[in-house]
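Listed here are the chains, written in short residue letters.
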Amino acid sequence: MMKRLQVLFEEEELRDLQRLARQHRMTTAEWVRRSLRASRDADAGADVGQKLAAVQAAAAHAFPTADIDTMLDEIERGYAPSSGTPTRP
């Protein structure tokens with residue numbers, strides 16, 4: 001069942017939407033519905049399968065790592081001045 005939704009636009013913005021709808025050879029209402037669906041779908045993000053595949057691909061790599069305190073200490077030592085010139089940006 002379809003339900004009505006009322007949306008208010010400034011006149012200039014409505015004219016722009018109507019022009020876009022005409023360019024796509026559809027009614028303003030259909031253009032708005034399609035645009036809202038596209039926005040909703042884009043906002044949904046990747047599906048669970050895509051997310052799982054990304055995690056599995058990342059887990060397949062063997063990058064060096066260390067204890068977090070050790071890594072933070074090494075990072076800070078890298079920022080320490082050497083020959084009077086700090087490496088920190």
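Please read all numbers here as calculations on a predicted model, not as lab measurements. Counting restarts for each chain: residues are numbered from 1 in the order of the written sequence. Per-residue local features are limited, in this predicted model, to residues with pLDDT of at least 70; the limit for side-chain atom pairs, both in listing and counting, is 80 or more; totals at the level of whole chains, interfaces and linings are taken over all residues. Excluding hydrogens and water, the side-chain figures rest on all heavy atoms present in the structure.

Asks: What is the right way to read the environment of Val32 from this model?
Replies: Secondary structure counts use DSSP, requiring at least four H or I residues in a row for a helix and at least two E residues in a row for a strand, with both numbered from the N terminus. Counting through the fold element by element, Val32 comes out in helix α2 (residues 28–44). Accessible area is worked out with a 1.4 Å probe on protein chains only. A residue is then buried under 20% of its type maximum, exposed over 50%, and partly exposed in between. Its relative accessible area of 23% is what places Val32 among the partly exposed residues.

Asks: Would you take a moment to explain a nonpolar patch on the surface for this structure?
Replies: Patch membership requires more than 30% relative accessible area and the absence of a salt bridge. Residues of like charge join within 9 Å; the nonpolar side chains Val, Leu, Ile, Met, Phe, Trp and Tyr join within 5 Å. Accessible surface is estimated by sampling points in the Shrake-Rupley manner with a 1.4 Å probe; for residues, cover comes only from the protein chains shown. Whenever Lys or Arg places a side-chain nitrogen within 4 Å of a carboxyl oxygen from Asp or Glu, that contact is recorded as a salt bridge. On the surface, Leu5, Val7, Phe9, Leu14 and Leu36 cluster together into a nonpolar patch covering about 450 Å² of accessible area. Secondary-structure assignment places Leu14 in helix α1 (residues 11–23).

Asks: Even after reading the chapter, I still don't get unusual backbone geometry, so can you show me in this structure?
Replies: Glycine aside, residues mostly have negative phi angles, and peptide bonds mostly take the trans form. A positive phi is found at Arg25, a non-glycine position, where the angle reads about 55 degrees. One can find Arg25 in the loop between α1 and α2. Judged by relative accessible area, Arg25 falls into the exposed class, the value being 79%.

Asks: Sorry if this is basic, but what is going on with the confidence of the model for the protein chain here?
Replies: Interpretation of this model should avoid reading the predicted coordinates in detail wherever pLDDT is low. Every residue carries a pLDDT, the predictor's confidence in it, which falls somewhere between 0 and 100. The share of residues in the protein chain with pLDDT of 70 or more is 90%, and the mean pLDDT across the chain is 87. Mean pLDDT values for the elements of the protein chain range from 88 in helix α3 (residues 48–59) up to 97 in α1.

Asks: Is there a simple way to explain the environment of Met26 in this structure?
Replies: Structurally, the position occupied by Met26 is in the loop between α1 and α2. Residue Met26 is classed as buried on the basis of its relative accessible area, which comes to 19%. When neighbours within four sequence positions are excluded, Met26 is seen to be in contact with Ala21, Trp31 and Arg34. Contact between two residues is taken to exist if any of their heavy atoms lie within 4.5 Å; hydrogens are not considered.

Asks: Honestly, α1 in this entry has me stumped. Any pointers?
Replies: Each turn of an α-helix holds 3.6 residues, which means side chains three or four residues apart point in the same direction. Expected helix span is given by 1.5 Å per residue-to-residue step, counting one fewer step than there are residues. Taking 1.5 Å per residue, 13 residues should reach 18 Å; α1 reaches 18 Å between its end C-alpha atoms and fits that length. With its phi angle positive at about 55 degrees, Arg25 sits one or two positions after the end of α1.

Asks: Please clarify how helix α4 (residues 68–79) should be interpreted in this entry.
Replies: Here α4 is twelve residues long and its end C-alpha atoms lie 17 Å apart, about the 16 Å a rise of 1.5 Å per residue gives. Here a polar contact means two N or O atoms within 3.5 Å. Within protein one must be a hydrogen donor candidate and the other an acceptor candidate, and residues neighboring in sequence count only if both atoms are side-chain atoms. For α4, the capping residue at the N-terminal end is Asp67, with a side-chain oxygen 3.1 Å from the backbone nitrogen of Asp69.

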